[in-house]
Amino acid sequence: EFLLLALADTRQLQLLHFWLLLGIYLAALLGNGLISTAVACDHRLHTPMYFFLLNLALLDLGCISTTLPKAMANALWHTRAISYAGCAAQVFFLLFLFGAEYSLLTLMSYDRYVAICKPLHYGTLLGSRACVVPPTLNPIIYSMRKKEIKHALSKLLPHALFRIQ
């Protein structure tokens, strides 16, 4: 077991930290949940940029849900211990999610670069096909984009066994 450094020594400050962390956590859940719902429900937002924004919101939910609940529990229950496995899991998930987030931000910047600097080539470089690879990491988005992927595959492989419905 590891012992974490306490945010505060007095009980009143620990409770204040708990309520602050809870407010931050609920604001992040609400904001990212609203972004996810808006992008998933509105068909006009099914473009590559909003698709990337949806994935960024989901990654942000993962990042904040990795460490904040343990910090809130420690502040509320006046504990400082974390198991070795729990610490290793937090570090692994946090590094993985931050790496995925930075990769996604790189893709988003390239998307904006192509949209601004090469607008006539945007449809060919970053059309619906730009959203085919990331859904392999995100099954929810993959299921939403399934029809567009089928349509793109039917254009690439006209003799395919599936038909667009």
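Quick look at the structure, then. Per chain, the residues get numbers from 1 upward, laid out in the order the sequence is written. Restriction of local features to residues with pLDDT of at least 70 applies here, the model being predicted, together with a cutoff of 80 or more for giving and counting side-chain atom pairs; totals for whole chains, interfaces and linings are based on all residues. Water and hydrogen atoms play no part in the side-chain values, which are based on all heavy atoms of the structure.

1. Some thoughts on helix 1 (residues 11-41)
Every α-helix winds through 3.6 residues per turn, so residues three or four apart in the chain are directed the same way. The first and last C-alpha atoms of helix 1 sit 44 Å apart over 31 residues, in line with the 45 Å expected at 1.5 Å per residue. All of the buried residues in helix 1 are Gln14, Phe18, Leu21, Tyr25, Ala28, Asn32, Ser36 and Val39. In the core, the buried residues of helix 1 are packed alongside helix 2 (48-77). A run of DSSP states H or I qualifies as a helix once it reaches four residues; a run of E qualifies as a strand once it reaches two. Both are numbered from the N-terminal end. Expected helix span is given by 1.5 Å per residue-to-residue step, counting one fewer step than there are residues. Classification of residues uses two cut-offs on accessible area relative to the type maximum, computed with a 1.4 Å probe and protein chains only: under 20% is buried, over 50% is exposed, and between them is partly exposed. Note on contacts: a residue pair qualifies if any of its non-hydrogen atoms lie within 4.5 Å across the two residues.

2. Here we look at the packing of helix 1 against helix 2
Here helix 1 crosses helix 2 at 160 degrees, and the two axes come no closer than 9 Å. One way to sum up the angle between helix 1 and helix 2 is to call them roughly antiparallel. Helix 2 is crossed by helix 1, and the crossing has left-handed handedness. By the convention adopted, Pro, Cys, Tyr, Trp, Phe, Met, Ile, Leu, Val and Ala count as nonpolar, Lys, Arg, Asp and Glu as charged, and the other residues, Gly among them, as polar. The residue inventory of the contact of helix 1 with helix 2, partitioned by class, reads 23 nonpolar, 4 polar and 2 charged. Each axis is a line fitted through C-alpha atoms, taken for helices only over the stretch in contact, and angles between the N-to-C directions span 0 to 180 degrees. Convention used here: angles under 35 degrees read as roughly parallel, angles over 145 as roughly antiparallel, angles from 65 to 115 as roughly perpendicular, and any remaining angle as oblique. Should the near helix be turned counterclockwise from the far one by less than a right angle, the crossing is left-handed, whereas a clockwise turn marks it as right-handed.

3. Here's the deal with the side chain of Asn74
Positionally, Asn74 belongs in helix 2. Note on Asn74: relative accessible area 9%, which makes it buried. Of the polar contacts made by the side chain of Asn74, one reaches the side chain of Thr79; its length is 3.1 Å. In contact with Asn74, other than residues within four places in its own chain, are Leu4, Thr79 and Ala81. Identification of polar contacts relies on pairs of N or O atoms within 3.5 Å, with a donor-acceptor requirement for protein atoms, meaning one able to donate a hydrogen and the other able to accept it, and with residues adjacent in sequence counted only if both atoms are side-chain atoms.

4. Digging into the pattern of salt bridges
Should the charged atoms of two oppositely charged side chains come close, the side chains can pair. Salt bridges are identified by distance alone: a Lys or Arg side-chain nitrogen within 4 Å of an Asp or Glu carboxyl oxygen. Here the structure, examined in full by the defined rule, presents 1 salt bridge. Residue Arg44 is joined to Asp42 by a salt bridge in which the shortest nitrogen-to-oxygen separation is 3.1 Å. Look at Arg44 and you get exposed, because its relative accessible area is 70%. Asp42 gets classed as partly exposed once you look at its relative accessible area, which sits at 22%.

5. Description of the packing of aromatic side chains
Classification of ring pairs uses Phe, Tyr and Trp, with its six-membered ring standing for Trp, and accepts pairs whose centres are within 6.5 Å; under 30 degrees between planes counts as stacked, over 60 as edge-to-face, and the remaining range as tilted. One pass over the structure, following the stated rule, counts 6 aromatic pairs. Centre to centre, the rings of Phe92 and Phe96 are 6.3 Å apart; their planes meet at 10 degrees, and the pair counts as stacked. Note that Phe92 and Phe96 are positioned in helix 3 (residues 84-117) at a spacing of 4 residues, about one turn of the helix. Using a relative accessible area of 53% as the deciding quantity, one classes Phe92 as exposed.

Everything listed here is a matter of geometry and, on its own, says nothing about what the molecule does.
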